[in-house]
Amino acid sequence: MKCAVHGHEGEDSCIRYVPLFSGLSQQEVSLLSYSVHSRYYKRGDLVFQEGERSDALYIINQGVIKVYKLSDSGKEHILRFLFHGDFGGVSSLFKERRHYANAEVVEDAVVCRIHGNDLRAILDQNFEIAYRFLAALSERLREADEWTGSISLMDTERRLAKTLLIFRSKVEESVARELPFAKRDLAALMGMTPETLSRKLAAFESQGIISLKGKKGIQILDVDALIKIAGVSL
């Protein structure tokens, strides 16, 4: 199920409250608003599918999206999760392509869509918007490189600690934080088995670093301990 949305959850919200376009002038907001369209997606909906023509930029206003590919045997290979302010479909802006992966909603979402031709025209005409967009692309590449290094170089304990810190920075903090995706998906993203992930989470809980609640509930109790294990500075 997916439907158009309006008001704070719609086009104006995408432009004013999504980091990619934050800080724009009223004139720039008005320019973009004509080209932005929002949709509400339920958990399990596909925003786009592998092989479909890619002709738009998708910006996550609310919710969480899982981006994955399927192997020949049907096994999911999770590439990343998209949170508020993240975006996908960049390849459509410069050369006509087809989506290389699937994007599935794992937490009810509001997704803003800008057609590639419309955005290219706006970028050509407005230096400030183009600069912000290029800066956002640069940051995304940096995060991708950092994540690749985490997967390939860190042991499982450090990898888990860093992943929890990354996700903590992506979602709003609350007294109790529930992961918006199944632990098996988290394990697949980090390249470990669900059993290994469960053991590492249990070890973190026994050390008082996190608290586990049910199948998906997780609360970070000691951020400094995670930072020390991950070997990063925040």
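Calculation notes
- Residues numbered from 1 in each chain as written.
- Predicted model: local features only at pLDDT ≥ 70, side-chain atom pairs only at ≥ 80, totals over all residues.
- Heavy atoms only, no water.
- Helix = DSSP H or I, 4+ residues; strand = E, 2+ residues; numbered from the N terminus.
- Buried < 20%, exposed > 50% of the residue type's maximum accessible area, 1.4 Å probe, protein only.
- Contact = heavy atoms within 4.5 Å.
- Areas by Shrake-Rupley, 256 points an atom, 1.4 Å probe, with all protein chains shown as cover.
- Core = buried A, V, L, I, M, F, W, Y, C linked by side-chain atoms within 4.5 Å.
- Pairing = 2+ DSSP bridges.
- Salt bridge = Lys/Arg side-chain N within 4 Å of Asp/Glu carboxyl O.
- Arc of directions from axis to C-beta.

*Asks:* Would you mind showing me how to read the overall build of the protein here?
*Replies:* Helix and strand content of the protein: eight helices and 11 strands. Looking at the protein as a whole, 44% of its 234 residues are labelled buried. When contacts within the protein are restricted to residue pairs at least 6 apart in sequence, long-range pairs at least 24 apart make up 72% of them. As displayed, the protein offers around 12600 Å² of accessible surface, 51% of which is attributable to carbon and sulfur atoms.

*Asks:* Please clarify how the nonpolar core should be interpreted in this entry.
*Replies:* Here is a general trend for soluble globular proteins: nonpolar side chains tend to be buried in one another's company. Formed by 29 residues in total, the largest nonpolar core has its most connected members in Phe 81, Phe 181, Leu 197 and Phe 204. When residues no more than four places from it in sequence are discounted, the contact partners of Leu 197 are Leu 160, Lys 183, Leu 186, Ala 187, Met 190 and Met 192. Judged by nonpolar contacts, the second largest core, of 23 residues, contains Ile 15, Leu 20, Val 90 and Ile 122.

*Asks:* What's the story with the pairing of strand S10 (residues 210–213) in this structure? I'm lost.
*Replies:* A regular strand places its side chains on the two faces of the sheet in alternate fashion. Two elements, S10 and strand S11 (residues 217–220), share four bridges in a ladder whose sense is antiparallel. Bridge pairing in S11 places Lys 213 opposite Gly 217. Remark: three residues form the turn of the hairpin made by S10 and S11, two consecutive strands paired antiparallel; Gly 214 in that turn has positive phi of roughly 70 degrees.

*Asks:* Help me out: how do you make sense of the pattern of salt bridges in this one?
*Replies:* Oppositely charged side chains can form a pair if their charged atoms are brought close together. In total, this model carries eight salt bridges according to the counting rule given. The partner of Arg 113 in a salt bridge is Asp 55, with the nearest N and O atoms 2.9 Å apart. Taken together, the residues Arg 113 in strand S9 (residues 102–115) and Asp 55 in the loop between strand S4 (53–54) and strand S5 (56–70) connect sequence positions 58 residues apart. Assessed through its relative accessible area of 29%, Arg 113 is described here as partly exposed. Judged by its relative accessible area of 17%, Asp 55 is buried. Between Arg 132 and Glu 128 there is a salt bridge; the shortest N-O distance is 3.2 Å. Separated by four residues within a single helix, Arg 132 and Glu 128 lie in helix H4 (residues 127–153), roughly one turn from each other. Accessibility expressed as a relative area gives 31% for Glu 128, which makes it partly exposed.

*Asks:* Please clarify how helix H3 (residues 116–125) should be interpreted in this entry.
*Replies:* Residue pairs spaced three or four apart in an α-helix point in one direction, given the helix's 3.6 residues per turn. Taken together, the buried positions of H3 are occupied by Gly 116, Leu 119, Ile 122 and Leu 123. In a view along the axis of H3, the buried residues occupy a sector of 130 degrees, so they form one face of it. Across from the buried face of H3, at angles greater than 90 degrees, the exposed residues are Asp 124 and Gln 125.

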